[in-house]
Structures are given as structure tokens and as C-alpha cells.
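# Secondary and tertiary structure notes
If you want the building blocks of each chain, they are given just below.
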Amino acid sequence: MASPTANVSPHYTDQLWFKYILSSAAATVAESVTYPLDLTKTRLQIQGEILHHHDHVQDSSGSARHRHVHRGMMRTAFGVVKEEGFFSLWQGVTPAIYRHLVYTGCRITFYEKIREGLGRNSDGTFPFWKAVVAGITAGGAAQFFASPTDLVKVQMQMEGRKRLEGQPVR
């Protein structure tokens, strides 16, 4: 006689589609909340590159120009709000969310499939080395698929600054 649990389908919380949706939703919320910090960090990095370039350029009189604007994270964030508006702190969040829909979902799904493919021990546990191999492989593959959105995100983060400086936007 067959056991009563033999024909029971797995609970939906154990299925990959549910894990994909749940992990992507969690990553989307986390990205939306922390995105202003990412935008501020990117602005500071670009500002540093621009200032480094300008430190090595001479003006028409032949003297070197030195302009130091480093304002720190908080001052940069407040400056963005003051100069571009509050919601510009989320400028470029759409590709960041797309990235997490791809990256986080793929990473979780790939990890589960790779780990199961490597197999369990006879006692039903996963050896540490198999979890490490699955994690590295899944993370690398997911990053490969998601990396184009990072480029779009950074370009969108710089659009507000370009408009203020009178530079053409993409």
C-alpha cells in the first residue's frame, strides 16, 4: 500500500517559481529603499573622476584649475534634492529594479538547481563545498545576465547632473 504522502504535490512555498517571486520582491523593496545611497555614491565617484581630470587641465591663462567640491554623502544627497528635486534621488531606479528581478531571481533559481544537481549526502544534507560551488556558479551566472542593467542605471543616475551642467543627455 502506498504511503498517504506519496501522491501529495509539494507545497507552493517549496517550488522555484515561488522562491523566484519572493526573492525578487524582497530585492526590489531593498533596492528601492537604499537606492538614494547608491545614487549619491555614484555622483561622488563621478565627481571625483571629473575633479581629477580638471586638476590636470589648465585654463586659458596657463594656470591649473583646482576645484574641490567633495561634499560627503549627506551633503551630496541634500544637494541633489535642492538642485534637482526630491524624487531625483530615485533617478535610474527602474533599471536597478530590473537588474534585481533578473539577478536575484536567477541567482536563487540557479543555486537551487545547481545544488540539487550536485546531489545530497546519504544523510540528506548538502556538503559545504557543494553549497560553495553552487553559490559561486549561480552568482556569477546571474551577474552575467544582469550586468547590462548596471550600465543603464549609472547612465540614468548621471542624467540630472548633465542637465544642470547644460550638457547633452542620452
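Residues numbered from 1 in each chain as written. Predicted model: local features only at pLDDT ≥ 70, side-chain atom pairs only at ≥ 80, totals over all residues. Heavy atoms only, no water.

### Some details on the packing of aromatic side chains
For the structure shown, the criterion picks out 5 aromatic pairs. Between W17 and F18, the ring centres sit 6.0 Å apart and the planes meet at 85°, which makes this aromatic pair edge-to-face. Where F86 meets F87, the ring centres are 5.3 Å apart and the plane angle is 80°; that geometry is what we call edge-to-face. Classification of F87 by relative accessible area gives exposed; the value is 70%. (Phe/Tyr/Trp six-rings, centres within 6.5 Å; stacked < 30°, edge-to-face > 60°. Buried < 20%, exposed > 50% of the residue type's maximum accessible area, 1.4 Å probe, protein only.)

### Thoughts on the nonpolar core
Across soluble globular proteins, you tend to see nonpolar side chains buried next to one another. Grouped together as the largest cluster of nonpolar side chains are 7 residues: Y35, L39, V80, L89, V93, A96 and I97. Those elements that place two or more of their residues in this core are helix 1 (16-55) and helix 3 (93-118). Looking at this core element by element, the count peaks at 3 residues for helix 3. (Core = buried A, V, L, I, M, F, W, Y, C linked by side-chain atoms within 4.5 Å. Helix = DSSP H or I, 4+ residues; strand = E, 2+ residues; numbered from the N terminus.)

### Considerations on a nonpolar patch on the surface
Where nonpolar side chains cluster on the molecular surface, the patch consists of Y12, W17, Y20 and I21 and spans about 430 Å² of accessible area. Among the structural elements, Y20 can be located in helix 1. (Patch = residues over 30% accessible without salt bridge, like charges linked within 9 Å, V, L, I, M, F, W, Y side chains within 5 Å. Areas by Shrake-Rupley, 256 points an atom, 1.4 Å probe, with all protein chains shown as cover. Salt bridge = Lys/Arg side-chain N within 4 Å of Asp/Glu carboxyl O.)

### Observations concerning the side chain of R99
On the secondary structure map, R99 appears in helix 3. By relative accessible area, which is 14% here, R99 ends up buried. Within the structure, the side chain of R99 is placed 2.9 Å from the side chain of D150, a separation counted as a polar contact. (Polar contact = N/O pair within 3.5 Å; in protein donor to acceptor, adjacent residues only side chain to side chain.)

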